[in-house]
Amino acid sequence: MNIEDKLFQIRFNVDTIPHIKVDLKACDSCQEKWCLYVCPVQNYKLEEGKMSFAWQGCVECGACRIACEKGQVVEWNYPRGGYGVCFRYG
Amino acid sequence: MTEKFDAIVVGAGPAGTTAALVMARAGMKVALIERGAYPGAKNMFGGVFYYSEVLNQLIPEFWKEAPIERHIVRRVTTFMTPQASVSMDYENSNFGKPPYNGVTLLRSRFDRWYAQKAVDAGALLVPETVVDDVIRDGQRVIGIKARRDQGDLLADVVIAADGVNSLLAEKAGLKKSKELRRHSISVTAKEILSLPSETIEERFNCAADEGVAIDFLGACTQGIQGAAFIYTNKSSLSLGMATDLNSLREHHISIADLVESFKEHPSVKRLVKGATLKEYSGHLMPEGGYKMMPKLYGDGILVAGDAAAMVFYTGLSLEGVNFAIASGFYAGEAVKAAKAKSDFSAASLSHYQKLLEDSFVLKDLKSFRSASSMLANKRFYTVYPDFLCTMMENMFKVDGKPRKRMWGLMRQSMKGKISMMDLAKDGMQARKALL
Ligand SMILES: Cc1cc2nc3c(=O)[nH]c(=O)nc-3n(C[C@H](O)[C@H](O)[C@H](O)COP(=O)(O)OP(=O)(O)OC[C@H]3O[C@@H](n4cnc5c(N)ncnc54)[C@H](O)[C@@H]3O)c2cc1C
Ligand code: SF4
Ligand code: SF4
């Protein structure tokens, strides 16, 4: 099963304000691309040499925040109260 | 006017709810602030809640009313290579009797049920509210800033029970640095797979209400530090994995891909056959134990549960909820004592540390503090599972050739995989960590 199908099974109340901001220009020149491996929902993607990031499917784990060593590349916070992921089982 | 509380607890997980419950029962004015739509909405764990004496004292015979899935009567530890596996299967019928040694839970149900107990005791639960920072008067923490209109709230004490990321303890300057934490944190992913309860009972060979916890080491993480698990709920399985964040980074292995390939292992495939995915989730988990604990108290602030990295993880055991509940309890007790003296200084709140040191929380974390170095030893995920499986193969495979005696079999299975020197070193390491 691919991750897109898995994401359909997660309940979200998507906020209109992104809670994570990524400087994708800086990412394109990042050699290590640690975020690709640690994000459990694979929100960070590398396609044809270009990085993309979709905050809507974020499960707010904090892995990218810890994994990315490139200073200010990832601006990370929780979504506003009540928004974001809402586990039905957990 | 800004509202003032005796105590503000940030995070309605097991740690925060316990602290709020204890203080509310003592008649204190307590706010319990949670960013989720309801307590549990943001929380996920593997799935076994081990017996908590503290909870039993707060809510006698809690298992009669808590939303419990199954009583765990069997613990299986499985070492795997890509084709084979060796399991150690432990069963104890006493585990199926009250007070139950371990039970499976789903956090969205359990945390909500538990937080209601704090509300019943008089705590004010404030859901859908993110706390962004502490408010200080000089060095002293005197309240919190919530991300909402009139979000400044004051209190004599703030308890940071905001989980593994604890942005609050970080803001209060109590946490270890991100650089250090990067090397002692696991990334986890989990699936809830639904199966009819009768199928679970047949497949896992257990009675109604009873269940099995299986932990896997070896090929499931492609040899990097971590473990996989399958735990039985009433009519679903919790299947997931916890892997060291830094190892994923270094080996360019994706946690999401690992979970997918784990389900394809022959020993796992038949266990999850026909199951449908109900939910997928991810979370971080502190793995560093005692060495990674932040400073536990400051002027007007205490840190409890995962925020304080109080997870007991030895490779064979993984316990966090019972530790979180106990630390929340002692945090609440320390605040009660501080209130009796009207002294909320760090010196007064250091009583919290003392209470933890006298309890299993810091005693266990201290006695097993070397476990984290043992867990970082790659051979536990590569060489040893492989050795065990090869050993079994050499013992059971029948191919018409003359057989070797035990010692010869062991030597043959170890050949080219590990030196006597490393074996001795690892034995010492395991001894230091566990014996
Ligand atoms: C995959 C996995 C498997 C595990 N398996 C087990 C197991 O089998 N058995 C076991 O005992 N333990 C297990 N654990 C550990 C256990 O889940 C934790 O130790 C336990 O949940 C810690 O409780 P807590 O109350 O400290 O933190 P949490 O349960 O994380 O609660 C923190 C709460 O704070 C809220 N919050 C966070 N920040 C803010 C903010 N800024 N403002 C407002 N609210 C906020 C969160 O929404 C959350 O409700 C596992 C963990 C993981 C990740
Ligand atoms: S988020 Fe960090 S690790 Fe990922 S590509 Fe960008 S700079 Fe590199
Ligand atoms: S917080 Fe977790 S889920 Fe969200 S983008 Fe970062 S790694 Fe992915």
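Procedures and definitions
All residue numbers refer to position in the chain's written sequence, counted from 1. Starting at A for chains and at 1 for ligands, labels are handed out in the order in which the entities are written. Given that the model is predicted, a residue must reach a pLDDT of at least 70 before its local features are reported, and side-chain atom pairs must reach 80 or more before they are shown or counted; all residues, however, enter totals for whole chains, interfaces and linings. Based on all heavy atoms of the structure, the side-chain values leave hydrogens and waters out of the count. A helix here means a DSSP run of H or I that spans at least four residues, while a strand means a run of E at least two residues long, and both kinds are numbered starting from the N terminus. Only C-alpha atoms enter the radius of gyration, while the globule expectation follows 2.2 Å times N to the 0.38, with N the number of residues. Each residue gets one of three labels from its accessible area relative to the maximum for its type: buried under 20%, exposed over 50%, partly exposed in between, using a 1.4 Å probe on protein chains only. In this analysis, two residues are considered to be in contact whenever any of their non-hydrogen atoms come within 4.5 Å of each other. Shrake-Rupley sampling with a 1.4 Å probe provides the accessible areas, and residues are treated as covered by the protein chains on show and by no other component. Only buried Ala, Val, Leu, Ile, Met, Phe, Trp, Tyr and Cys residues count toward a nonpolar core, and they belong to the same one when joined by side-chain atoms within 4.5 Å. Pairing of aromatic rings covers Phe, Tyr and Trp, the last through its six-membered ring, and needs centres within 6.5 Å; plane angles under 30 degrees mean stacked, over 60 mean edge-to-face, and all others mean tilted. Whether a residue is near a molecule or strand is decided by its heavy atoms; if any one of them lies within 4 Å of it, the residue is near. Ten residue types, Ala, Val, Leu, Ile, Met, Phe, Trp, Tyr, Cys and Pro, are classed as nonpolar, four, Asp, Glu, Lys and Arg, as charged, and the remainder, Gly among them, as polar. Two strands pair if DSSP finds at least two bridges between them. Summed over both partners, buried area is the accessible surface (1.4 Å probe) that two parts give up on being assembled. In what follows, salt bridge is the name for a side-chain nitrogen of Lys or Arg lying within 4 Å of a carboxyl oxygen of Asp or Glu. Any N or O atom pair separated by 3.5 Å or less is treated as a polar contact, with the protein-specific requirement of one donor-capable and one acceptor-capable atom, and with residues adjacent in sequence counted only for side-chain atom pairs. Looking at any residue, its pLDDT shows the predictor's confidence there, from 0 to 100. Interaxial angle, 0 to 180 degrees, is taken between N-to-C directions of lines fitted to C-alpha atoms, where a helix line uses only the stretch in contact. Oblique is the label for every angle not falling under 35 degrees (roughly parallel), over 145 degrees (roughly antiparallel), or within 65 to 115 degrees (roughly perpendicular). Crossing handedness follows the turn of the near helix against the far one: under a right angle anticlockwise gives a left-handed crossing, and clockwise gives a right-handed one.

## Focus: the overall build of chain A
In step 1: Within chain A, the regular secondary structure consists of four helices and six strands.
In step 2: Helices (α) and strands (β) of chain A occur, in sequence order from the N terminus, as α-β-β-α-α-β-β-α-β-β.
In step 3: Scaling as 2.2 N^0.38, a compact globule of 90 residues should have a C-alpha radius of gyration of about 12 Å, and chain A matches this with 13 Å.
In step 4: The principal-axis extents of the C-alpha atoms in chain A amount to approximately 40 × 30 × 20 Å.
In step 5: For chain A, with 90 residues in total, the buried portion stands at 54%.
In step 6: Excluding contacts between residues fewer than 6 apart, the proportion of contacts in chain A whose partners are at least 24 apart in sequence is 68%.
In step 7: Split by element, the accessible area of chain A, about 4400 Å² in all, is 50% carbon and sulfur.

## As for the nonpolar core
Residue and element names in this part refer to chain B.
In step 1: Counting 84 residues, the largest nonpolar core has Ile159 and Tyr352 as its most contacted members.
In step 2: Residue contributions to this core peak at eleven residues, all from helix α10 (residues 321-341).
In step 3: Beyond its immediate stretch of four places on either side in the chain, Ile159 contacts Ile8, Val9, Val10, Ala19, Met23, Leu302, Ala304, Ala331 and Val335.
In step 4: Listed in part, the 68 residues of the second largest apolar core include Met44, Val76, Val212 and Leu277.

## Brief notes about the packing of aromatic side chains
In step 1: Following the criterion strictly, the structure yields 18 aromatic pairs over all chains and no others.
In step 2: Their ring planes at 70 degrees and their centres at 5.1 Å tell us that Trp76(A) and Tyr78(A) sit as a pair that is edge-to-face.
In step 3: Owing to a relative accessible area of 10%, Tyr78(A) belongs among the buried residues under this scheme.
In step 4: Clustering of aromatic rings is evident, with ring pairs tying together Phe49(B), Tyr51(B), Phe62(B), Trp63(B), Tyr100(B), Phe110(B), Trp113(B) and Tyr114(B).

## Remarks on the site of ligand 3
In step 1: Near ligand 3 you find 14 residues, and of these Cys39(A), Cys58(A), Cys61(A), Gly62(A) and Cys64(A) are the closest.
In step 2: Taken together, the residues of the shell around ligand 3 sort by class into eleven nonpolar, two polar and one charged.

## Looking at the pairing of strand β5 (residues 85-91) of chain B
Residue and element names in this part refer to chain B.
In step 1: By the bridge criterion, seven bridges tie strand β4 (residues 71-80) to β5 in an arrangement that is antiparallel. Each residue of the ladder has a partner; that of Thr78, found in β5, is Ser87.
In step 2: In sequence, β4 turns back onto β5 through a hairpin of four residues.

## What about the interface of chain A and chain B?
In step 1: With 40 residues of chain A at the contact, the number on the chain B side is 53 residues.
In step 2: Buried surface at the junction of chain A and chain B, both sides included, amounts to about 3900 Å², of which 53% is carbon and sulfur.
In step 3: When the buried area of chain A at its contact with chain B is split by residue, Tyr37(A), Phe87(A) and Tyr89(A) rank highest and sum to 21% of it.
In step 4: Between Glu69(A) and Arg249(B) there is a salt bridge, with the nearest N and O atoms lying 2.7 Å from each other.
In step 5: Where chain A touches chain B, the interface holds 31 residue pairs in polar contact (both at pLDDT 80 or more).
In step 6: If you list the elements that add at least two residues to the side of chain A that touches chain B, you get α1 (3-7), α3 (35-38), α4 (63-67) and β6 (84-85) of chain A.
In step 7: Here the residues of the side of chain A that touches chain B sort into 24 nonpolar, eight polar and eight charged.

## What about the confidence of the model for chain A?
In step 1: Looking at chain A, the pLDDT average stands at 95 and 100% of residues meet or exceed 70.
In step 2: Mean pLDDT in chain A bottoms out at strand β5 (residues 74-76) of chain A, which sits at 90, and peaks at β6(A), which reaches 98.

## Section: the pairing of strand β4 (residues 50-53) of chain A
All names here are of chain A.
In step 1: Every second residue of β4 is oriented toward a common face, the buried set being Met51 and Phe53 and the non-buried set Lys50 and Ser52.
In step 2: One ladder, built from four bridges, connects strand β3 (residues 44-47) with β4; its direction is antiparallel. Across the sheet, residue Glu47 finds its bridge partner in β4, namely Lys50.
In step 3: Hairpin geometry of β3 and β4 is characterised by an intervening segment of two residues between the two adjacent antiparallel strands and by a positive phi of about 50 degrees at Glu48.

## A closer look at the side chain of Glu191(B)
In step 1: Tracing the chain through its elements places Glu191(B) in strand β11 (residues 185-194).
In step 2: Of the polar contacts made by the side chain of Glu191(B), one reaches the side chain of Lys6(A); its length is 2.6 Å.

## So, the pattern of salt bridges
In step 1: By the definition in use, this model includes 36 salt bridges over all chains.
In step 2: Among the ionic pairs, Arg147(B) bridges to Asp132(B), the shortest N-O distance being 2.9 Å. Of this pair, Arg147(B) sits in the loop between β9 (140-146) and β10 (152-160) while Asp132(B) sits in strand β8 (residues 131-137), placing them 15 residues apart in sequence.
In step 3: Owing to a relative accessible area of 28%, Arg147(B) belongs among the partly exposed residues under this scheme.
In step 4: The partner of Lys145(B) in a salt bridge is Asp152(B), with the nearest N and O atoms 3.4 Å apart.
In step 5: A relative accessible area of 34% means that Asp152(B) is categorised as partly exposed.
In step 6: Residues joined in a network through salt bridges with shared partners are Lys6(A), Glu191(B), Glu260(B) and Lys263(B).

## Description of the confidence of the model for chain B
In step 1: Looking at chain B, the pLDDT average stands at 95 and 100% of residues meet or exceed 70.
In step 2: The ipTM value of the predicted complex is 0.97, and its pTM value is 0.97.

## Quick notes on the packing of α10(B) against helix α13 (residues 360-367) of chain B
Working note: a packed helix pair is described by the angle between its axes plus the distance between those axes.
Residues and elements named next belong to chain B.
In step 1: Packing of α10 against α13 leaves a shortest axis separation of 9 Å and a crossing angle of 135 degrees. For the element pair α10 / α13, the angle class is oblique. In this structure, α10 contributes Asn322, Phe323, Ala326 and Ser327 to the contact, and α13 contributes Phe360, Val361, Asp364 and Leu365.
In step 2: Looking at the contact of α10 with α13 residue by residue, the classes come out as five nonpolar, two polar and one charged.

## Details of the packing of helix α1 (residues 14-25) of chain B against helix α3 (residues 107-120) of chain B
Residue and element names in this part refer to chain B.
In step 1: The geometry of α1 relative to α3 is characterised by a closest axis approach of 8 Å and an angle of 15 degrees between their N-to-C directions. As summarised for this structure, α1 and α3 are arranged roughly parallel, according to the angle between their axes. Pair α1 / α3 crosses with left-handed handedness. Two secondary-structure elements touch here, α1 through Pro14, Thr17, Thr18, Ala20, Leu21 and Ala24 and α3 through Arg107, Asp111, Tyr114, Ala115, Lys117 and Ala118.

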